[in-house]
Amino acid sequence: MLLTHEHNELRRTVTRWVEDEINPHIDEWEAAGIFPAHEVFKSLGDRGLLGVHKPEKFGGMGLDFSFAAVMAEALAAIKAGGVPMAIGAQTDMCTPALAQHGSDALREEFLRPAIAGEYVGCIGVSEPGGGSDVAALKTTARKDGDDYVINGTKLWITNGTQADFCCLLANTGDGPIHQNKSLIIVPMKTKGVEVTKKITKIGMNSSDTAQIFFDDVRVPQRNRIGEENKGFIYQMQQFQYERLWCALNAAAVFQRAIDITVDYTKERKAFGRSLSDNQWIGFKLAEMQTEVEALNALNWKGVEMVVAGQDATKVATMAKLMAGKLSRTLPDGCLQFWGGMGYSDESEISRLYRDARLTAIGGGADEVMLQILTKYMGIFGSNH
Amino acid sequence: MKVLVPVKRVIDYNVKVRVKSDGSGVDLANVKMSMNPFDEIAVEEAIRLKEAGKADEVIVVSIGVKQAQETLRTALAMGADRAILVIAADDVHQDIEPLAVAKILKAVVEAEGPGLVIAGKQAIDNDMNATGQMLSALLGWSQGTFASELDVDGDTAVITREVDGGLQTIKIKMPAIVTADLRLNEPRYASLPNIMKAKKKPLDEKTAADFGVDVTPRLEIVKTTEPAARSAGIKVGSVDELVAKLKEVGAV
Ligand SMILES: Cc1cc2nc3c(=O)[nH]c(=O)nc-3n(C[C@H](O)[C@H](O)[C@H](O)COP(=O)(O)OP(=O)(O)OC[C@H]3O[C@@H](n4cnc5c(N)ncnc54)[C@H](O)[C@@H]3O)c2cc1C
Ligand SMILES: Cc1cc2nc3c(=O)[nH]c(=O)nc-3n(C[C@H](O)[C@H](O)[C@H](O)COP(=O)(O)OP(=O)(O)OC[C@H]3O[C@@H](n4cnc5c(N)ncnc54)[C@H](O)[C@@H]3O)c2cc1C
């Protein structure tokens, strides 16, 4: 895909924003285990960066997904994975279904402020009982008059402690598990919503991750996105954006890992020469560079398909899988060449190594990607 | 008052430059290019004058290859009102020298009638630091170079200049040419809506011939070389040895 001058300008603007507004604070936010989402999102919203591919009618830019893809890549300049993930959760995980299938009133109430950066959103799919088997989730939304009454627990919810609303996937019917769910927008200040303390993690520290209890939470049925019991399908469509976002961002993070490692190994001397003068190190870095290039090719094939209005599920799944697999080898391979420094908190590579690992789990584990792909290949076992 | 800002497309300041194998210059093929950073500061200053109600229109002009229209779009996205592209070369490696640029700018000034020209103090590619001064001489206008502060007040402008060892404040008559130093301001970066709006702002295309200016280079580049690589160091065993070595190379 040929990127235009405007794509390049978007990349430049995001990079400058990261350098000016984010990186100077990132160590502080990492230590605090949270970042000021409302402040950061407002700053993005003011620059038109939260609604890149959202309808203009609700304050978005109405651009195609290739611009959102450039933004996902550019956010990798942030020197911690937590903040870009939180931004991605807002732009490409909890709002695509709302933008695509939500009623005008619902979009006016939640999408417009999400694009403006006034509201922070979160996506509530995973549960303590399981995140991989989405269809088996237990949270229910029972009809009562004009309302839904919601009961259940969601776990691992990014932005969960700061969010104004949750795009919640819950069972709304008794039918087959792929036809009994709906996506419902739940304002987080509704009575009965209880956010327990932030979960501490091995990485993504600047992003708050919450467990959320729903105890007889009453929301109007007009908060449902699109048709009733179509939620599973909507969520699968929404995952397409989430997974491409993850893969695009990961590829750019991997590129940063390689770049800083190239610089480090050129500077660092051992055995009377630069580390990079060892053929082993040069070859490993060249191999990793090739892997990133291959991931980019897959990513941008997915982007092109989305832009062309095609179903990109298969390619997005492959891209996410590839990104997940590389997240377990590439940052590790780079860190190795930093020696003791790589093991210390003082180096950029150690945080990157911890943060990147999530790629193989969040947004669907590698094995879940493989399972989806076996279906496309017609070799998915009948006993599942 | 109209403000005219000349902007140059140069190799991006982040790019590690590579000298062409024949030594004729720096390799610019498929290299990231951006607006000269000092020109960004000049554009910012012009926009601030407009925002302060001291200017009505900000016109940006670039002289060079066709691709310089991207540089102009960047300035338009920052907030300039319209742009003029003067195509003066086909080859990205042909640098248009300050005198030719100043002559073209003089013609543009005569056509557009700005009350102020704000240029960068120098371009980061060839570091000439001459265009503003030459334009001032050709037009017979006042000049305030290396500005770190600019205050336009009717017929005069007060300029703080960064000079060796301190600051100098001068008062000059308008119309004037001002060249921007690093600390004049911190240029903004465009919001996404402004990036998209810039696509629709007017951009006039001209050629050097339209202004009757001959852009043939007058300078000949004899040689371009990379800075010498840092050579490997040696380890010394003691202070005595260190001193001896330093004496040996004539450093002490
Ligand atoms: C930091 C962080 C942020 C998150 N943010 C969100 C969020 O905002 N919203 C949200 O809804 N969720 C979020 N998640 C949850 C994430 O999507 C889940 O953790 C993920 O889908 C895996 O689900 P699970 O943790 O329940 O693991 P399980 O479902 O218990 O799976 C455990 C492991 O079993 C393996 N496995 C599972 N199924 C199969 C299979 N069929 N075949 C072979 N192997 C299999 C995989 O290796 C998998 O990793 C987040 C998680 C983390 C850690
Ligand atoms: C938690 C911790 C505890 C430690 N405790 C001690 C201690 O108690 N005492 C002590 O003396 N040291 C200690 N160390 C230091 C440790 O032994 C060194 O970090 C290690 O030997 C690597 O040296 P370095 O960090 O200087 O890496 P460098 O020498 O800079 O090497 C960096 C990387 O370059 C690569 N590399 C280096 N040489 C070559 C080559 N010839 N060919 C190809 N690749 C090469 C390797 O991948 C290596 O990891 C500790 C380190 C840590 C992190």
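Residues numbered from 1 in each chain as written. Chains lettered and ligands numbered in written order. Predicted model: local features only at pLDDT ≥ 70, side-chain atom pairs only at ≥ 80, totals over all residues.

Novice: How should I be thinking about the site of ligand 1 in this particular structure?
Specialist: All names here are of chain A. Within the structure, ligand 1 sits among 24 residues, and V125, G131, S132, W156 and E367 are positioned closest to it. At the level of secondary structure, the elements contributing two or more residues to the shell around ligand 1 comprise β1 (121-124), β3 (147-158) and α14 (366-377). Lining the shell around ligand 1 are residues from two domains, each supplying at least three of them: domain 2 (122-229) and domain 3 (233-377). (Near = placed C-beta within 6 Å. Helix = DSSP H or I, 4+ residues; strand = E, 2+ residues; numbered from the N terminus. Domains from an automatic or database assignment.)

Novice: Any chance you could explain the domain arrangement of chain A here in plain terms?
Specialist: Bring the parts together and some accessible area is lost; that lost area is often taken as the interface size. Residue and element names in this part refer to chain A. Structurally, chain A comprises domain 1 (5-120), domain 2 (122-229) and domain 3 (233-377). A C-alpha centroid distance of 21 Å is found between domain 1 and domain 3. Counting residues at the interface gives 19 residues for domain 1, matched by 19 residues for domain 3. If you list the elements that add at least two residues to the side of domain 1 that touches domain 3, you get α4 (65-74), α5 (82-93) and α6 (96-101). For the side of domain 1 that touches domain 3, a count of residues per class yields ten nonpolar, five polar and four charged. (Contact = placed C-beta atoms within 7 Å. Nonpolar A, V, L, I, M, F, W, Y, C, P; charged D, E, K, R; others polar.)

Novice: Looking at this structure, I do not really get the packing of helix α8 (residues 231-267) of chain A against helix α9 (residues 279-307) of chain A. What am I missing?
Specialist: Residues and elements named next belong to chain A. Two numbers describe how α8 lies on α9: the axes approach to 9 Å, and their chain directions differ by 155°. The angle between α8 and α9 falls in the class roughly antiparallel. For the crossing formed where α8 meets α9, the hand is left-handed. Contacts from L244, A247, L248, A251, F254, Q255, I258, T261, V262 and T265 in α8 reach I281, L285, M288, Q289, V292, L295, N296, N299, G302, V303 and V306 in α9. Grouping the constituent residues of the contact of α8 with α9 by class yields 14 nonpolar, seven polar and no charged. (Axes fitted to C-alpha atoms, helices over the stretch in contact; angles between N-to-C directions. Parallel < 35°, antiparallel > 145°, perpendicular 65-115°, else oblique. Left-handed = near helix turned anticlockwise from the far one by under 90°.)

Novice: I'm lost on the sheet that holds strand β8 (residues 156-163) of chain B in this one. Help?
Specialist: All names here are of chain B. Read from one edge of the open sheet, nine strands run β9-β8-β7-β10-β6-β1-β4-β5-β11, paired in mixed fashion. Unpaired on one side and paired on the other, β9 (166-173) and β11 (203-207) mark the two borders of the sheet. Across the sheet, the mean angle separating the axes of adjacent strands is 30° when strand polarity is ignored. The sheet contact formed by strand β1 (residues 2-6) and strand β6 (residues 116-120) spans two bridges and is parallel. Counterpart to L4 in the pairing with β6 is V117. Packed onto the sheet, helix α4 (residues 131-139) meets β6, β7 (142-153) and β10 (176-180) and runs at close to 75° relative to β7. (Pairing = 2+ DSSP bridges.)

Novice: What should I look at first to understand the UniProt feature "domain: Acyl-CoA dehydrogenase/oxidase N-terminal" (unreviewed entry) in chain A in this one?
Specialist: Mapped onto this numbering, the UniProt entry annotates "domain: Acyl-CoA dehydrogenase/oxidase N-terminal" (unreviewed entry) at residues 4-118 of chain A. Helix makes up 66% of residues 4-118 of chain A and strand 0%, with an end-to-end C-alpha separation of 30 Å. (UniProt positions renumbered as here; feature names shortened; annotations may be inferred.)

Novice: Please explain the UniProt feature "domain: Electron transfer flavoprotein alpha/beta-subunit N-terminal" (unreviewed entry) in chain B as it appears in this structure.
Specialist: The positions UniProt marks with the feature "domain: Electron transfer flavoprotein alpha/beta-subunit N-terminal" (unreviewed entry) are residues 23-215 of chain B. Secondary structure over residues 23-215 of chain B splits into 30% helix and 31% strand, and the C-alpha atoms at its two ends are 22 Å apart.

Novice: Looking at this structure, I do not really get α9(A). What am I missing?
Specialist: An α-helix turns once every 3.6 residues. As a result, residues three or four positions apart point the same way. All names here are of chain A. If you check α9, its first and last C-alpha atoms are 41 Å apart, about what 29 residues at 1.5 Å a residue would give, namely 42 Å. Of the positions making up α9, those classed as buried are M288, V292, L295, L298, N299, W300, G302, V303 and V306. Residues of α9 that are buried in the fold lie against α4, α8, α10 (313-327) and α11 (330-336). G309 occupies a position one or two residues after α9 and carries a positive phi of about 80°. (Expected span 1.5 Å × (residues − 1). Buried ≥ 20, exposed ≤ 12 C-beta atoms within 10 Å, placed from the backbone.)

Novice: Honestly, the interface of chain A and chain B in this entry has me stumped. Any pointers?
Specialist: Counting from both sides, the interface comprises twelve residues of chain A and, opposite them, twelve residues of chain B. Grouping the amino acids of the side of chain A that touches chain B by side-chain chemistry returns four nonpolar, three polar and five charged.

Novice: Where do I start with the site of ligand 2 in this structure?
Specialist: Residue and element names in this part refer to chain A. In the vicinity of ligand 2, 13 residues are found, and the nearest of them are A270, N278, G339, G340 and Y343. Those elements that place two or more of their residues in the shell around ligand 2 are α9 and α12 (339-343). In terms of residue count, α12 provides more of the shell around ligand 2 than any other element does, four residues in total. Split by residue class, the shell around ligand 2 holds eight nonpolar, four polar and one charged.

Novice: In this structure, what is going on with the UniProt feature "domain: Acyl-CoA dehydrogenase/oxidase C-terminal" (unreviewed entry) in chain A? I would like to understand it.
Specialist: Under the UniProt annotation, "domain: Acyl-CoA dehydrogenase/oxidase C-terminal" (unreviewed entry) lies at residues 229-375 of chain A. Helix makes up 76% of residues 229-375 of chain A and strand 3%. Its end C-alpha atoms lie 23 Å apart.

Novice: Quick question: what am I supposed to make of helix α7 (residues 104-116) of chain A here?
Specialist: All names here are of chain A. At F110, α7 shows its strongest bend, of approximately 30°, with the proline P113 following within four residues. Those residues of α7 that sit buried are R107, F110, L111, P113, A114 and I115. Against the buried residues of α7 lie α3 (37-46), α5, α6, β1, β4 (165-171) and β5 (181-187). (Bend = angle between axes of the 7 residues up to and from the residue.)

Novice: Where do I start with the packing of α8(A) against helix α13 (residues 348-356) of chain A in this structure?
Specialist: Residues and elements named next belong to chain A. Where α8 contacts α13, the two axes come as close as 10 Å, and the packing angle between them is 155°. In terms of their interaxial angle, α8 and α13 are classed as roughly antiparallel. As for the relative orientation of α8 and α13, their crossing is left-handed in sense. Where α8 approaches α13, its residues A250, V253, A257, I260 and T261 are matched on the opposing element by E348, I349, L352 and A356. Residue classes in the contact of α8 with α13 are distributed as seven nonpolar, one polar and one charged.

Novice: Mind showing me how you'd approach the pairing of strand β2 (residues 140-144) of chain A here?
Specialist: Residues and elements named next belong to chain A. Across five bridges, β2 lies against β3 in antiparallel orientation. Pairing of K143 across the sheet is with Y148, part of β3. What sits between β2 and β3 in their antiparallel hairpin is a turn of two residues, with G145 showing a positive phi close to 60°.

Novice: It is not clear to me how the nonpolar core should be interpreted in this structure. Could you clarify?
Specialist: The tendency in soluble globular proteins is for nonpolar side chains to be buried side by side. Counting 181 residues, the largest nonpolar core has A:M71, B:V5, B:V60 and B:A80 as its most contacted members. Residues in contact with B:A80, not counting those within four places in the same chain, are B:V5, B:V43, B:I47, B:V58, B:I59, B:V60 and B:A75. (Core = buried A, V, L, I, M, F, W, Y, C linked by C-beta atoms within 7 Å.)

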